[in-house]
Amino acid sequence: MWRVPNRSYICWRCASRSVAPDPVVSGSGARLLPRATQPLQIRALATVRDRVARGANSNQKQHAQNRKEKLNIRERLRIWDEENQDEAKLIISDFADMGEVSNSFTRPQNLSMGQFEITPPLFDGDELSDLRSDSANLGPGDMVELSSEGSRRPMLAIYLGRLNSYAHFYTSTGKWFTGLGVRSLFVVRRFIEPAELEPVIKELPSSSAPLAAINTLHDLGHNPSRTAGSRLLRKMVAFDQEAQYVYQANAATLDVSSSFIGDPVKHRYLTLHEIAEILLPASYQREGKFDPHALYAVHRALLQDEVFFRPLRHTGHKSSYLFEISPLSEVRIIKNVEKMIRAHLTRKPYSRKGAQEEPSPLDEFVYRARMRIDQSRQSRRWTNAGIIGSPIRPNSMPPAESHQWSGTDLEVLKFIELWAGYRKFPSYSRLQCFGSTLLRLVKRYEEAENLTASTGWTFLQEIGWIPPWEIPARYSIRFPDVEIQRGGGYIRPYDGNLDEHLREDILSPMRKVWDGITAYCIDAETTTDIDDGVSLERTSDPHQFWIHVHVADPASSVLPETVIAGYAELIPQTIYLPGHFERMLPDTFGQDKFSLAPNRRCLTFSALVDKDGVVLDRKITPGILKDVVYITSEDVATAIGETRALPTYRGPELTLGRIPEAQPAERPMMRHDNLSSDQKKELALLSELGNALHALRLSRGATPYYPPQPQAQVYFDDEIKRREEDHFGFGISHPSIHLSYTSDSGTDLVGNIMRLAGEVAAEWCHERGIPIPYRTQPHAAQNIAAVQQYIRDVFNPLLNAGARPDDNIWRQMWSLIGNDELSTTPGPHVTMGVSMYTKATSPLRRFSDLLVHWQVEAALIEENRRGTSLVGNKDDTFLPFTRAQLDRMLPLIRVREKQARALMNGDGKDQWILQALARAWEFKEAKIPKTFQFHVTHVNGRRSILGRLNWFERPATLRSETLNDILKMAHARIGDVYEVKIKNVNVHGTQIIVEAIRVIKKMEVDIFPATPKGAGEKMLEV
């Protein structure tokens, strides 16, 4: 600090900024401090003024000044703090969490900015469908690009291996760090031979080092010496230089890549390889493939454009990511709004005295937005939780005033939707500030902590652009080539009436009439599309039985080349997100045409099984059902006296609003007491055979079951109405929500036998050389011994004891199993305990099942034409899709499937649960605990503690500023349990922030899951 005699203290930076350079020294750029003889200037620059009462004489002032001068610096600062108290304002963090903006301008690159994944696994019914961990597929020596939403400059790093569920990396800056699960947009396989990693690994802490010690070493800057990492550093630098050479040689094309790829009105979706084929000369290809450094040059060029290109981060594939290319019309909107905001902020007043400022197109938008917001707040409360409240009183929503939004207004609203809804701009983008500026101009969000995209989402609710219960994940997880309909539903492009594209039954002459066979369709009463049923057929051998799985058969009338097939492929499985139900096929195709019913067609997958669960034979038959029984799983269990041997979990429940009475099923339901004795015997025998099949899978390493998951059931009753005005909706009330855990109190018969149908379809097609989408676990197949040991010794004992696997257990599963893949080459599915598997029992709601049916039915027609079996066949020219065609299709199908699962069972479901929590916590619509138990799952250095609440297993974050001196960040351990209370809930950011109250349980060391021996390359070993 600099002080003028007898004057207040002045910050030297403030003083130097305000003083013009002296002409004598202006050439050097030096700046002089203000002269002591300029009291007015000094007072203007002062950061602190002595608070002496008015009217005090000069002696009093001098006395006060002398007293201060005698104090030491600490006392002076204390007095200054008391005299200048102000509300503390947190600066923007250097590290961006999801939905937050980071300080990427002064910290463009930071080692801690790597995007780490701690997402829970996804389930499809009672099957594990996606572990959601790209880093599980990495091998030692692979090179990845590390980046995050908050980092403008990515870095290259080499994967060293995995230890105690943590991945270890060595970066191009010579730094070492660990992470839970890294999501990278660019990977080069086997960039370094594993043997070359040994010098670096030798200088890392031993495997027994606790996480706290590793975090401390990171804080102290401990890294392997550059001598040990010299070979790795040289190779990464050389790779980056080669990519720069490619970029510089093709800069004229890469810098204007959007002009070569962009469509005027439609989004395009291309992989990095496809984009490189458009932008780079063929000379960069070797044997039809681009060199990795050439692909990386294109990759970096695309990410430099903050508007045109966006990687879909939920849609990673083992070989590439999918990029969304914005249409030129959308880019034009962004540029127009940016131009308007800049002009608005820099406009000047008229020169004549008393004149108002120049008019701006944004003035009218701001006026209308304020009117809408004020109207909304007459009955609804605004919050920081990313959701607005229900009306204060029933029927208190005032009628909307009639005024028209202009074309300019709609452009601005579309910009805000792109910013807050679609998350179009990365956190480091300069475009983030334009969304914040628009909210600042409206002057209705002064109480908001930050004017971020979450506040923008609330703004869209308040003006009626989206309903208050809209799910943000519908926008951020976007299906390629599908438009989102505001308020609910999706818009898929198609012309005319889709029913007109149905064809006659192509299998009609080959169908078998299933007389004398009863098909049991075991589904919940609320199920509308009945796509499978089971039946039993006895043989002359009393120990052998035919199990038939009858499946709905739309493929016989919906041909692969029709418009209907293209319509279904866009949303590859029915979306069961509450409030946004969307069928894969047109609505009229389910109940009206193809759901299983008497005298309706089916495709039957049959297996000859003995009482030990051994499959002796298999066949696939097109047929017509005659006798169909509709029954629930609970009624079957009651009829046959089956009780579940597996432990059950009873979790908490929460209800908001009025739950309407269940409507009766639209089909005749059979009750357990109405079944005949023969029907009960058939169901009991089917259950016995199913259990034998399941026991055989368990002996091969399958998991017995997966624990119940939290679920949200949402009800939109007649009281929730919407009226449209200028395409804007105004909800009268929030929907009712019921939170609970999934439960299966019925029979395991259906699950066990449906998996059998998948085995039959896979084996039947493999024998005949028919390419189909096989479900494989290639990474698990490489570690099959370690996987089976881990499941047998760690995972299954937890499940059988009724315990729920925590995040550390799941992370160890990730490292051993990897992700499921779709492949035309069959392979083992380790966690199901089968040698090969596909899904074929739900063609009404899953596109990959429809693909299997098309291939199978073409093979049946060819066998009928030849009069002989196709076993041993190598020809695929008679099929709708050859192997080469399917290989090109499957990556995009997998992308769409991952999006659907992430929406239904991931972020979409989580945001419904958070809406319930926000309404209960913020608006007191339901009773929730005042405090919660917080179980620590990860300590993120000195930044934050991640954990789960004992309330529907919600992930939460405990930040350094919310520890309340209860403990120090350095003392936190995995396995600790704290009592916490909610500080904030952000539905838009899918985030819960808590603050500590007390320590319940303290661990001396971090708790890691047991690591099986023989886990192979994933373990750090020298």
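Since we're looking at a predicted model, the values are computed, not measured. (Residues numbered from 1 in each chain as written. Predicted model: local features only at pLDDT ≥ 70, side-chain atom pairs only at ≥ 80, totals over all residues. Heavy atoms only, no water.)

1. Quick look at the confidence of the model for the protein chain
- When pLDDT is averaged along the protein chain, the result is 81, and 78% of the positions lie at 70 or above.
- At the low end of the mean pLDDT range in the protein chain sits helix H2 (residues 39-45), at 34; at the high end sits strand E19 (residues 544-552), at 97.
- Below a pLDDT of 50 lies the segment residues 721-727, which in the model reaches 26 contacts outside its immediate sequence neighbourhood of four places, other chains included.
- Contacts for the low-pLDDT stretch residues 1012-1022, under 50 throughout, to residues beyond four places or in other chains number 39 contacts. (pLDDT = per-residue confidence, 0-100. Helix = DSSP H or I, 4+ residues; strand = E, 2+ residues; numbered from the N terminus. Contact = heavy atoms within 4.5 Å.)

2. A few points about the packing of helix H10 (residues 272-279) against helix H11 (residues 292-303)
- Closest axis-to-axis distance for the H10/H11 pair is 10 Å, and the angle between their directions is 95 degrees. In terms of their interaxial angle, H10 and H11 are classed as roughly perpendicular. On the side of H10, the interface is formed by Leu272, His273, Ile275, Ala276 and Leu279, while H11 contributes Leu295, Val298, His299 and Leu302.
- Along the lines of polarity and charge, the residues of the contact of H10 with H11 split into 7 nonpolar, 2 polar and no charged. (Axes fitted to C-alpha atoms, helices over the stretch in contact; angles between N-to-C directions. Parallel < 35°, antiparallel > 145°, perpendicular 65-115°, else oblique. Nonpolar A, V, L, I, M, F, W, Y, C, P; charged D, E, K, R; others polar.)

3. What to know about unusual backbone geometry
- Positive phi outside glycine occurs at Lys924, with the angle close to 60 degrees.
- Looking at the element boundaries, Lys924 is found in the loop between helix H27 (883-922) and strand E29 (932-940).
- When its relative accessible area of 63% is taken as the criterion, Lys924 is described as exposed.
- Here the phi dihedral of Glu953 falls at roughly 55 degrees; this positive angle occurs in a residue that is not glycine.
- Note that Glu953 resides in the loop between strand E30 (944-949) and strand E31 (955-959).
- On the accessibility criterion, Glu953 (23% relative accessible area) is partly exposed. (Buried < 20%, exposed > 50% of the residue type's maximum accessible area, 1.4 Å probe, protein only.)

4. Section: helix H26 (residues 847-866)
- The end-to-end C-alpha distance of H26 is 29 Å, a good match for the 28 Å that 20 residues give at a rise of 1.5 Å each.
- The buried fraction of H26 amounts to 16 of the 20 residues, a majority that puts the element mostly inside the structure.
- Taken from the residues just after H26, Gly867 is the one with a positive phi, measuring 75 degrees. (Expected span 1.5 Å × (residues − 1).)

5. With respect to the sheet that holds strand E33 (residues 991-1001)
- If you trace the 5 strands once around the closed barrel, you get E29-E30-E31-E33-E32, paired in mixed fashion. On average, adjacent strands in this sheet sit at an angle of 50 degrees to one another, irrespective of strand direction.
- Inspection of the sheet shows E31 paired to E33 by 2 bridges, in the parallel sense. Within E33, the position partnered with Leu958 by the bridge is Val994.
- Each of strand E32 (977-986) and E33 touches H27; the most contacted strand, E32, lies at about 95 degrees to it. (Pairing = 2+ DSSP bridges.)

6. Some points on a nonpolar patch on the surface
- Together, Val256, Phe260 and Ile278 make up an exposed nonpolar region whose accessible area comes to about 250 Å².
- Inspection of the secondary structure puts Phe260 in helix H9 (residues 257-261). (Patch = residues over 30% accessible without salt bridge, like charges linked within 9 Å, V, L, I, M, F, W, Y side chains within 5 Å. Areas by Shrake-Rupley, 256 points an atom, 1.4 Å probe, with all protein chains shown as cover. Salt bridge = Lys/Arg side-chain N within 4 Å of Asp/Glu carboxyl O.)

7. With respect to the pairing of strand E21 (residues 615-631)
- Bridge count for strand E17 (residues 512-522) against E21 is 8 bridges, and the pairing is parallel. Across the sheet, the residue bridging to Trp514 is Leu625, located in E21.
- The sheet contact formed by strand E20 (residues 601-610) and E21 spans 9 bridges and is antiparallel. Note that in E21 the partner of Thr604 across the bridge is Thr621.
- The loop that links E20 with its antiparallel partner E21 comprises 4 residues; one of these, Gly613, has a positive phi angle of about 85 degrees.

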